[in-house]
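Chain by chain, the residues run as shown.
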Amino acid sequence: MGEILRDARGASSSGRIRLTVARALVRFPEAQWSERDGERQRLFAGVLGIFGHGNVAGVGRALLRAELARGDGPGHLPYVLARNEQAMVHTSVAYAKQKDRLQTRACTASVGPGSTNMLTGAALATINRIPVLLLPSSIFATRAAGPLLQELEQPHGGDLTVNDAFRPLSRFYDEVRRPEQLPSILLSAMRVLTDPAETGAVTISLPQDVQAEAFDWPVELFAERTHHVAGPPAEQSRIEQAAQIIRSARRPMIVAGGGVHYSQAEDALAALCAATGIPVGETQAGKGSLLHGNPQLLGAVGSTGTTAANAVAAQADVVIGVGTRYRDFTTASRTAFAAEGVRFVNLNITPFDAVKHSGLTVVGDAREGLAALTTALEGWSVDDGYRREQARLWADWDVQVEAAHHPSSQVTDALADGLLTRGEVLGLVNELSGPRDVVLCAAGSMPGDLHKTRRVRDRRGYHVEYGYSCMGYEVPASIGIRWADPTREVFAMVGDGGYLMMPTELVTAVQERTKVIVVLVQNHGFHSIGSLSQSPGSQRFGTAYRSRSEASGRLDGDVLPVDPAANARSLGCHVIEVHDRPGTEAAIAEAKAAPADGGPVVIHVETDPMVFGPDSGSWWDVPVGEVSELDSTREARATYEQHKSRQRSHLDPAEIPRVDDASPQTHN
């Protein structure tokens, strides 16, 4: 104990303090804060990790020191033992996303496979523009004992390590090869973590010998710092130009992306829509930008969109992208916005995204930009006929959602063994969850069904990772969301395929007494990929959990005797197995009533994988073989070429209309 306590009490009269690199690395984040709109919060809520020989004597010892002396320093980073390195990054990402990117967590891993296990999480964080601090351990900087266990040796360069794989996956990457480098690396890392235009995975590679080195640090390094998260307004001239283009439109449409949430621009968007009548289609990250019942809300747009949003998108003459990166699902692989001469106006804090589709670039914060646009468009509105069309299209779509949530007896009677449809399960969660409860999903076709049918009643009530579409995200992410806001119930919707990828963090939830509700939908295989395989003529090959048949030698035998419910029970969860609608209703009520510190509850329900949600009437570009011996593939190729012919380049620049181009029909 004496040695542990001494290393933080070495402040000298010269204003320096002697600490190991690892202890300095841990102590620095304890004093970091973020601030937006005058509200401050600690930037780091804690550390998740798994120890091994790469970090146990460095970062591990430093975290122990911090835990033993919680009252000594300006803050404290609680440590949580994770079970899988990829999963702990997912937990941190979900936490940061739920906190509107104003807080995050750090992740520490051992040298070699422990660190490279975090690569998938790094890619997910960067693709989704979510801040997370990754601390992978590395080989000795001195190379005194090399080659080491788990060291990658390459004849063309001795300075290459497996951690270099983080470089293309991170928004910031550096390695601490000398103690003197640490201050500048830390300050650069904080800049990227708190920059809404640049944020993503921040990776600091830590050679294990350098972690243990001592250095006399300036005490100022550990002073409390507040990092302002900027919300810069767009240039007024660009706002005026955007307003000119919008005023000239007869059928404008807004595409609301994740930037609406991260800038807390929901109210500003609602005000603009109420004043102008411009309808809104939402991306996966932007779902909940307008709440269910808003007259301008047309729901999801694109490949997983509603027929309402996609019908309007097909004829929109001006598309106003707010905080979106125009992913292929949003644009239906560039077939969604099909009107001749369609123009784009892109409001985005990131110039990289603002220039897409040759749009008018309005670089700035979504909330500030929407408020400025509302002022610039004062007195202008779409015509009443366009508003009535929006209402009619939404009403037609809502009928389809009701049919999916409450299937007819004709549908249910045809199901084998009285199984539920997945739409029924999603409908029950929608109806029985509270307005502030969070529904969570990732990868496969279930996010698409949620995107289309979930009725969001709170700005933070929808959390789907569909940027990297990473199977296994659901369970660890549910923990991060619950930690971010323990006042909300969290429903993690996961299929058996995603569950089997990464169920181990349920042990972490048990360990931390974290209540999450996991709705485990069992359909004996990969529902989404089975359907996707069928569409290009691959006949659902290799997508079902079935044994290999002795007769055919293929995976078309009996259903595998896999029991995810028993697995969850073995991990310490409270498991409720249901087989019908009343049982599912009772299980959701029981799960919601469970104690807040009672750990995870898993609801296991089997559904029919051949019953699908309502169709978006849209397309997603998945190439089909140009030649094939299979009739199914040749037929799929003909359909593919039809869709491919409708793809748009969107290369025409958005021009500012002349004053006499504005139609009086677009004004009240």
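Computed from a prediction, not measured in an experiment: that's the story for all the values here.

A short note on the overall build of the chain
Here's step 1: Within the chain, the regular secondary structure consists of 26 helices and 23 strands.
Here's step 2: For 668 residues, the compact-globule estimate of 2.2 N^0.38 gives 26 Å, and the chain sits close to it at 26 Å.
Here's step 3: For the chain, the spread of C-alpha atoms along the three principal axes comes to 75 × 70 × 55 Å.
Here's step 4: By the burial criterion, 56% of the 668 residues in the chain qualify as buried.
Here's step 5: In the chain, once contacts between residues fewer than 6 apart in sequence are set aside, the share between residues at least 24 apart is 76%.
Here's step 6: Carbon together with sulfur atoms contributes 52% to the accessible area of the chain, which is approximately 26,400 Å² in total.
Here's step 7: Positive and negative charge centroids in the chain, built from 64 and 78 side chains respectively, lie 4 Å apart.

As for the side chain of Asp458
Here's step 1: Checked against the element boundaries, Asp458 lands in the loop between helix H19 (446–453) and strand S19 (462–465).
Here's step 2: A distance of 2.8 Å separates the side chain of Asp458 from the side chain of Arg488, its partner in a polar contact.
Here's step 3: Residues in contact with Asp458, not counting those within four places in the same chain, are Leu291, Pro435, Arg436 and Arg488.

Description of the sheet that holds strand S8 (residues 172–175)
Here's step 1: Strand order in the open sheet formed by six strands is S5-S4-S6-S7-S9-S8, with parallel pairing between adjacent strands. For this open sheet the edge positions go to strand S5 (79–81) and S8, each flanked by a neighbour on one side alone. Along the sheet, successive strands turn relative to each other by an average axial angle of 20 degrees, direction set aside.
Here's step 2: Where strand S4 (residues 44–49) meets strand S6 (residues 104–109), four bridges bridge the pair, whose relative direction is parallel. Along S6, the bridge assignment pairs Phe44 with Thr104.

Brief notes about the packing of aromatic side chains
Here's step 1: This model, assessed by the stated rule, comprises seven aromatic pairs.
Here's step 2: On the numbers, 4.9 Å between centres and 10 degrees between planes, the contact of Phe51 with Tyr79 is stacked. Taken together, the residues Phe51 in the loop between S4 and helix H3 (59–68) and Tyr79 in strand S5 connect sequence positions 28 residues apart.
Here's step 3: For Phe51, a relative accessible area of 34% puts it in the partly exposed group.
Here's step 4: Ring plane angle 85 degrees and centroid distance 5.8 Å describe the contact between Phe337 and Phe344, whose orientation is recorded as edge-to-face. Neither Phe337 nor Phe344 differs from the other in exposure class; each is buried.
Here's step 5: Ring pairing ties together the aromatic residues Tyr326, Phe337 and Phe344, which thus form one cluster.
Here's step 6: Positioned above the aromatic ring of Phe222 is the side chain of Arg27, whose terminal nitrogen or guanidinium carbon lies 5.4 Å from the ring centre.
Here's step 7: Residue placement shows Arg105 over the ring face of Tyr95; its charged tip is 4.6 Å from the ring centre.

Description of the state of the cysteines
Here's step 1: A full pass over the atoms with the stated rule returns zero disulfides.
Here's step 2: Here Cys573 is not cross-linked by a disulfide; its sulfur's nearest cysteine counterpart is in Cys441, at 18 Å.

Overview of empty space enclosed by the protein
Here's step 1: Taken as a whole, this structure holds six cavities of 30 Å³ or more when the rule is applied.
Here's step 2: Residue assignment for the lining of the largest cavity shows that the elements contributing at least two residues are helix H10 (258–262) and strand S16 (343–348).
Here's step 3: The greatest single-element share of the lining of the largest cavity, amounting to three residues, is contributed by H10.
Here's step 4: Residues belonging to the lining of the largest cavity are distributed by class as follows: 13 nonpolar, 16 polar and 10 charged.
Here's step 5: Here the second largest cavity defines a volume of roughly 150 Å³.
Here's step 6: Lys97, His261, Arg459, Arg460 and Tyr462 are the residues nearest the centre of the second largest cavity, which is lined by 15 residues in total.

Side note on helix H20 (residues 474–484)
Here's step 1: With 11 of 11 residues buried, H20 is to be regarded as a mostly interior element.
Here's step 2: Listing the buried residues of H20 in full gives Glu474, Val475, Pro476, Ala477, Ser478, Ile479, Gly480, Ile481, Arg482, Trp483 and Ala484.

A short note on a nonpolar patch on the surface
Here's step 1: A surface patch of nonpolar side chains, about 200 Å² in accessible area, is lined by Leu500, Leu560 and Val562.
Here's step 2: Looking at the element boundaries, Leu560 is found in the loop between helix H23 (527–534) and helix H24 (564–570).
Here's step 3: We classify Leu560 as partly exposed; its relative accessible area is 31%.

Focus on the packing of helix H18 (residues 422–432) against H19
When two helices pack together, their arrangement is given by the angle between the helix axes and the distance between those axes.
Here's step 1: Contact geometry for H18 and H19: axes closest at 11 Å, N-to-C directions at 50 degrees. Viewed along their axes, H18 and H19 adopt a mutual orientation that is oblique. In the packing of H18 onto H19, the handedness of the crossing is right-handed. Contacts between H18 and H19 involve Arg422, Leu426 and Asn430 from the former and Met446, Asp449, Leu450 and Thr453 from the latter.
Here's step 2: Residue classes in the contact of H18 with H19 are distributed as three nonpolar, two polar and two charged.

Quick word on unusual backbone geometry
Here's step 1: In this model, Gly146 is joined to Pro147 through a cis peptide bond whose omega is -5 degrees.
Here's step 2: Phi at Ala332 takes a positive value of approximately 50 degrees, unusual for a residue other than glycine.
Here's step 3: A residue is classified by how much of its surface remains accessible, and Ala332, at 0% relative accessible area, is buried.
Here's step 4: Positive phi is not limited to glycine here, since His650 has a value of about 50 degrees.
Here's step 5: With respect to the element layout, His650 can be found in the segment after helix H26 (631–644).
Here's step 6: Note on His650: relative accessible area 9%, which makes it buried.

Side note on the pairing of strand S12 (residues 252–256)
Here's step 1: Counting buried positions over the five residues of S12 gives five, a clear majority of the element.
Here's step 2: The side-chain alternation of S12 yields two buried faces, one formed by Pro252, Ile254 and Ala256 and the other by Met253 and Val255.
Here's step 3: One ladder, built from five bridges, connects S12 with strand S15 (residues 318–322); its direction is parallel. What sits directly across from Met253, in S15, is Val319.
Here's step 4: Sheet analysis places S12 next to strand S13 (residues 280–282), joined by three bridges and oriented parallel. Paired with Ile254 across the two strands is Val280, which belongs to S13.

Procedures and definitions
- Residues numbered from 1 in each chain as written.
- Predicted model: local features only at pLDDT ≥ 70, side-chain atom pairs only at ≥ 80, totals over all residues.
- Heavy atoms only, no water.
- Helix = DSSP H or I, 4+ residues; strand = E, 2+ residues; numbered from the N terminus.
- Rg over C-alpha atoms; globule rule 2.2 N^0.38 Å.
- Buried < 20%, exposed > 50% of the residue type's maximum accessible area, 1.4 Å probe, protein only.
- Contact = heavy atoms within 4.5 Å.
- Areas by Shrake-Rupley, 256 points an atom, 1.4 Å probe, with all protein chains shown as cover.
- Lys, Arg positive; Asp, Glu negative; His and termini not counted.
- Charge placed at Lys NZ, Arg CZ, Asp CG, Glu CD.
- Polar contact = N/O pair within 3.5 Å; in protein donor to acceptor, adjacent residues only side chain to side chain.
- Pairing = 2+ DSSP bridges.
- Axes fitted to C-alpha atoms, helices over the stretch in contact; angles between N-to-C directions.
- Phe/Tyr/Trp six-rings, centres within 6.5 Å; stacked < 30°, edge-to-face > 60°.
- Lys NZ or Arg CZ within 6 Å of the ring centre and 35° of its normal.
- Disulfide = S-S within 2.5 Å.
- 1 Å grid on protein atoms, 1.4 Å probe; cavity = no way out; pocket = protein on both sides within 12 Å on 5 of 7 lines; lining within 4 Å.
- Points joined across faces, edges and corners; volume = space filled by probe spheres on them.
- Nonpolar A, V, L, I, M, F, W, Y, C, P; charged D, E, K, R; others polar.
- Patch = residues over 30% accessible without salt bridge, like charges linked within 9 Å, V, L, I, M, F, W, Y side chains within 5 Å.
- Salt bridge = Lys/Arg side-chain N within 4 Å of Asp/Glu carboxyl O.
- Parallel < 35°, antiparallel > 145°, perpendicular 65-115°, else oblique.
- Left-handed = near helix turned anticlockwise from the far one by under 90°.

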